[in-house]
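Observations on the three-dimensional arrangement
Spelled out, the chains give:
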Amino acid sequence: MSKPKLFYFDAPVSRGEECRLALHLAGVDFEDVRIKPADWPAMKERTPYGSVPVLEFSGLPALAHSNAILVLIGRRHGLHPADDVEAARHEGMMQHVEDLRAAVSPTLRMGDAEKKAAREALVAGFLPAWARAAERNITARPFFGGDKIHVVDLKIHMAVRWFSGGKVDHVPATIFASYPRLIGVHDAVRDHADVRSWYAKA
């Protein structure tokens, strides 16, 4: 049987990277298809929703949107709760991360002056509010659900890492520093042995 294929851009970031990490933690031998920018326009219309990541299994329809991919991997490999209420709580936090991306992503396409104004407005309002909501929903430690890592933790980690690296212009790298549970999940994922092994082989 052929390996599943995960399609995403050739960068260790965002929705694609959290899916790569989930497959790696699940022990799935997969083909990590890294799309070059020049190849994307021709490929875009062949994806389910005109976006990536996309996960393909031989003989089955292609799957898209990171949360759907993560939940499938999680359910199959013990990285998502079996209890339906707890699973829904995890999925709510995953959607919360997507809300963050939806708020910030439009600024990536703005000119410098417009971007500066938009991101300063996010710093003043949306980002602290987002972090407060995340913090009050992280009710366990070190991970979102307690001692065990789940796919939601990978998603939280990628969101926090995006900002804490200091690469988002006009947003302080310390924007989430006063939210210890949020930072705690990020750090616990960063230090997880299987996550470290993924980056060790990169």
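Residues numbered from 1 in each chain as written. Predicted model: local features only at pLDDT ≥ 70, side-chain atom pairs only at ≥ 80, totals over all residues. Heavy atoms only, no water.

For the rest of this paragraph, the subject is the nonpolar core. Within the largest apolar cluster, 48 residues are counted, with the highest numbers of intra-cluster contacts made by Leu127, Trp130, Leu154, Ile156, Phe163, Phe176 and Leu182. With eight residues, helix α6 (residues 151-164) is the single largest residue contributor to this core. Beyond its immediate chain neighbours, meaning those up to four positions away, Phe176 contacts Leu127, Trp130, Ala131, Val160, Phe163, Leu182 and Ile183. (Core = buried A, V, L, I, M, F, W, Y, C linked by side-chain atoms within 4.5 Å. Buried < 20%, exposed > 50% of the residue type's maximum accessible area, 1.4 Å probe, protein only. Helix = DSSP H or I, 4+ residues; strand = E, 2+ residues; numbered from the N terminus. Contact = heavy atoms within 4.5 Å.)

All told, the structure shown has six aromatic pairs when counted by the stated rule. Centre to centre, the rings of Phe30 and Trp198 are 6.1 Å apart; their planes meet at 20 degrees, and the pair counts as stacked. Of this pair, Phe30 sits in the loop between α1 (14-25) and β2 (31-35) while Trp198 sits in helix α8 (residues 193-200); the two residues are 168 residues apart in sequence, bridging distant segments of the chain. In this pair, the class of Phe30 matches that of Trp198, namely buried. With a centroid separation of 4.9 Å and an interplanar angle of 45 degrees, the aromatic rings of Trp162 and Phe163 are classed as tilted. Put simply, the rings of Trp130, Trp162, Phe163 and Phe176 pair up and form one aromatic cluster. Over the face of the ring belonging to Phe57 we find Arg76, whose NZ or CZ atom lies 5.1 Å from the ring centre. (Phe/Tyr/Trp six-rings, centres within 6.5 Å; stacked < 30°, edge-to-face > 60°. Lys NZ or Arg CZ within 6 Å of the ring centre and 35° of its normal.)

Let's shift gears to the packing of helix α4 (residues 84-104) against helix α5 (residues 112-137). At a minimum axis distance of 11 Å, the contact between α4 and α5 shows a crossing angle of 170 degrees. Of the possible angle classes, the one that applies to α4 and α5 is roughly antiparallel. Between α4, through Arg89, Met93, His96, Val97, Asp99, Leu100, Ala103 and Val104, and α5, the contact on the second element is made entirely by Leu122, Phe126, Leu127, Trp130, Ala133, Ala134 and Asn137. Broken down by class, the residue content of the contact of α4 with α5 amounts to eleven nonpolar, two polar and two charged. (Axes fitted to C-alpha atoms, helices over the stretch in contact; angles between N-to-C directions. Parallel < 35°, antiparallel > 145°, perpendicular 65-115°, else oblique. Nonpolar A, V, L, I, M, F, W, Y, C, P; charged D, E, K, R; others polar.)

Further remarks concern the pattern of salt bridges. Pairing between side chains becomes possible if they bear opposite charge and their charged atoms approach one another. The full count for this structure, using the stated rule, is 15 salt bridges. With a closest N to O distance of 2.8 Å, Arg34 and Asp32 form a salt bridge. Judged by its relative accessible area of 30%, Arg34 falls in the partly exposed class. Here Arg190 and Asp191 are joined by a salt bridge, their closest N and O atoms 2.9 Å apart. Residue Arg190 is classed as partly exposed on the basis of its relative accessible area of 39%. Sharing partners across several salt bridges, the network here consists of Asp10, Glu17, Arg20, Asp32, Arg34 and Lys36. (Salt bridge = Lys/Arg side-chain N within 4 Å of Asp/Glu carboxyl O.)

Quick look at the side chain of Glu17 now. Among the secondary structure elements, Glu17 is positioned in helix α1. By relative accessible area, Glu17 is classed as buried at 1%. A distance of 3.1 Å separates polar atoms of two side chains, one belonging to Glu17 and the other to Trp198. A distance of 2.7 Å separates a polar atom in the side chain of Glu17 from a polar atom in the side chain of Tyr199. Discounting residues that sit within four places of it in the chain, Glu17 has contacts with Ala11, Pro12, Arg34, Met158, Trp198 and Tyr199. (Polar contact = N/O pair within 3.5 Å; in protein donor to acceptor, adjacent residues only side chain to side chain.)

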